[in-house]
Amino acid sequence: MSRPLQACVDLAAIQHNYRLARACAGGARALAVIKANAYGHGAVAVARALVAEAAAFGVACVEEALELRESGIHTPILLLEGPFETAELELVDQVGLMTVVHDARQLDWVLGARPQQPLSVWLKIDTGMHRLGLTPEDGRAAYARLAACPHVGELVLMTHFARADEADPGPTDRQLADFATLAGSIPTVRPATREVARSLANSAAILTRPDTHAEWVRPGIMLYGLDPLDHPHPHAALLRPALCFVSELTAVRELAAGEAIGYGGRFVCERPTRVGVVATGYADGYPRHAPDGTPVAVNGQLTRLIGRVSMDMLMVDLSEQPQAQPGDPVELWGTQVSANAVAAASGTISYELLTGLSRRVPLRYVEAASD
Ligand SMILES: *Cc1c(COP(=O)(O)O)cnc(C)c1O
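Since we're looking at a predicted model, the values are computed, not measured. (Residues numbered from 1 in each chain as written. Predicted model: local features only at pLDDT ≥ 70, side-chain atom pairs only at ≥ 80, totals over all residues. Heavy atoms only, no water.)

Trainee: Please explain the overall build of the chain as it appears in this structure.
Mentor: Regarding its fold elements, the chain presents 11 helices and 18 strands. Along the first, second and third principal axes, the C-alpha atoms of the chain reach 80 × 45 × 40 Å. Put simply, the chain has 371 residues, and 53% of those count as buried. Partitioning the intrachain contacts of the chain with sequence separation of at least 6 by distance along the chain shows that 66% fall at a separation of at least 24. Only carbon and sulfur atoms are counted for the fraction: they give 52% of the accessible area of the chain, which is about 15,900 Å². (Helix = DSSP H or I, 4+ residues; strand = E, 2+ residues; numbered from the N terminus. Buried < 20%, exposed > 50% of the residue type's maximum accessible area, 1.4 Å probe, protein only. Contact = heavy atoms within 4.5 Å. Areas by Shrake-Rupley, 256 points an atom, 1.4 Å probe, with all protein chains shown as cover.)

Put into structure tokens, the structure is as follows:
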């Protein structure tokens, strides 16, 4: 590989973060969310790293589930959005997936299916996110129909939080209260169903809201070591970032005061400035909207982006590093510069940066010695 850039993924960090989710969530089982190619970290490698401990995996579609099955992963897998068409239920049955049911259409598909083995269904209730899910009233009726259906096996009642990352607990309190009312009102329809299994918590709620942990939690971003919260929390401080997006300086130059850098001349040197060119650009997934001042680490030392990000390159200020030269290591984000800091500067979130790394960035797995 000649162009110097890669994403180094520390699988031991992902294992550490999964164990942290488990520890935060007490006795709850943890479904590891590895949709979108494990938030850009490589779904198969992440699944293999967690296969010995993960109770289940969560993916967005059957294609993602099949990739795991074809790689020999036999762990239960949940389709987080359920089937997109009725034919997908045959595949759900064949390869043994669990499925979400979030509306009346999917409910009809599931009730009308003729599977070889009982279907595991996660019934999604909308308690305030207003994206997917049945109303609590419709959910109660749907739960009763699913519980009475002979080809439905395990049944989990789930909801998703819209604002668990915020310091104000109010919105999550309200979602939790509505969910608890519903869960409490569901009669135990079948003798085998002793209690209603529930799943509410995403990463933010796992870290901060023990009252939401119930029987199943669903950690996503925290597995990859990124803090989803908009406020400090001691649990979040224990996360270990798993991915380092790294490159190198490919050129170093000195510019005089008054010279402008890059497209549009956005950055103008206030004084004679040593400038480094980095072999990474927006076509690799670095945000083009990153402003001057966005943190970048060169030789392990924090500096700043200067000038507009180009397709294949970006520029950094080396004023404080007179010894820096082509070939020196650059971290765009990872352990020295948090993806959260780059995201915040660029008006986005770490989720978008991680899932936006392009195919041009090779993933390399470091089997760091486990802690
Ligand atoms: C993606 C997803 C999660 C994980 O959310 P994080 O904020 O990444 O922890 C949990 N539940 C559902 C239904 C999801 O779609």
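Trainee: Got a minute to help me understand the layout of surface pockets in this structure?
Mentor: Take a probe with the size of a water molecule and roll it over the atoms, and the empty space left behind shows itself. In this structure, the largest pocket occupies an estimated 860 Å³ of space. Lining the largest pocket are 35 residues, with Lys 35, Tyr 39, His 160, Asn 202 and Tyr 351 sitting closest to its centre. Elements that contribute at least two residues to the lining of the largest pocket include exactly helix H2 (35–39), helix H9 (203–208), helix H10 (339–345) and helix H11 (350–355). For the lining of the largest pocket, the domains that each give at least three residues are domain 1 (11–225) and domain 2 (243–366). (1 Å grid on protein atoms, 1.4 Å probe; cavity = no way out; pocket = protein on both sides within 12 Å on 5 of 7 lines; lining within 4 Å. Points joined across faces, edges and corners; volume = space filled by probe spheres on them. Domains from an automatic or database assignment.)

Trainee: Which parts of the structure should I look at to understand unusual backbone geometry?
Mentor: Only a minority of non-glycine residues have a phi that is not negative, and only a minority of peptide bonds are not trans. Look at His 130: it is not a glycine, yet its phi comes out positive at around 55°. When you line up the elements, His 130 lands in the loop between strand E6 (119–124) and helix H7 (136–148). Taking the relative accessible area as the measure of exposure, His 130 reaches 64% and is therefore exposed. A positive phi is found at Ala 214, a non-glycine position, where the angle reads about 50°.

Trainee: I keep staring at the domain arrangement of the chain and nothing clicks. Help me out?
Mentor: One frequent convention defines the size of an interface as the accessible area lost when the parts assemble. Here the chain is partitioned into domain 1 (11–225) and domain 2 (243–366). Summarising the inter-unit geometry, the C-alpha centres of domain 1 and domain 2 are found 38 Å apart. Contact with domain 1, which involves nine residues of that partner, is made by eight residues of domain 2. Both sides together, the interface formed by domain 1 and domain 2 hides about 800 Å², and carbon and sulfur atoms give 69% of it. (Buried area = accessible area lost by both parts, 1.4 Å probe.)

Trainee: Teacher, can you tell me more about the site of the ligand here?
Mentor: In the neighbourhood of the ligand, 13 residues make up the surrounding shell, with Lys 35, Tyr 39, Ser 203, Ile 221 and Tyr 351 lying closest. A distance of 2.5 Å separates an oxygen atom of the ligand from a polar atom in the side chain of Ser 203. Within the backbone of Gly 220, a nitrogen or oxygen atom sits 3.0 Å from an oxygen atom of the ligand. Contact with the protein chains hides 92% of the accessible area of the ligand, taken as 390 Å² for the molecule alone. (Near = heavy atom within 4 Å. Polar contact = N/O pair within 3.5 Å; in protein donor to acceptor, adjacent residues only side chain to side chain.)

Trainee: Even after reading the chapter, I still don't get the UniProt feature "active site" (unreviewed entry) in the chain, so can you show me in this structure?
Mentor: When the UniProt feature table is mapped to this numbering, "active site" (unreviewed entry) covers Lys 35 and Tyr 263. With the annotated positions falling across 229 residues, the maximum pairwise C-alpha distance of 35.6 Å shows that they are not confined to a single cluster. None of the other annotated residues line the largest pocket; only Lys 35 do. Ignoring anything within four residues of it in the chain, the contact list for Lys 35 reads Gly 58, Val 59, Ala 60, Glu 64 and Leu 80. Its location among the elements puts Tyr 263 in the loop between strand E11 (260–261) and strand E12 (267–268). Beyond its immediate chain neighbours, meaning those up to four positions away, Tyr 263 contacts Arg 308 and Ser 310. (UniProt positions renumbered as here; feature names shortened; annotations may be inferred.)

Trainee: What exactly am I supposed to notice about empty space enclosed by the protein here?
Mentor: For the structure shown, the criterion picks out two cavities of 30 Å³ or more. In terms of lining, the largest cavity is formed by His 41, Tyr 224, Leu 226, Pro 241, Ala 242, Leu 243, Trp 333, Gly 334, Ala 339 and Leu 354. Looking at side-chain class alone, the lining of the largest cavity contains eight nonpolar, two polar and no charged residues. Every residue lining the second largest cavity is listed: Phe 267, Cys 269, Glu 270, Arg 271, Thr 273, Arg 304, Asp 317 and Ser 319. When grouped by side-chain class, the residues that make up the lining of the second largest cavity number two nonpolar, two polar and four charged. (Nonpolar A, V, L, I, M, F, W, Y, C, P; charged D, E, K, R; others polar.)

Trainee: Which parts of the structure should I look at to understand the nonpolar core?
Mentor: Nonpolar side chains tend to gather and get buried jointly when the protein is soluble and globular. Among the nonpolar cores identified, the biggest contains 116 residues, and Leu 157, Tyr 286 and Trp 333 are the most heavily contacted of them. Per element, the largest residue contribution to this core is seven residues, and it comes from helix H1 (residues 11–24). Those residues in contact with Tyr 286 that sit more than four places away from it in its chain are Phe 245, Thr 280, Gly 281, Thr 294, Pro 295, Val 296, Val 309, Leu 314, Leu 332, Trp 333 and Val 342. (Core = buried A, V, L, I, M, F, W, Y, C linked by side-chain atoms within 4.5 Å.)

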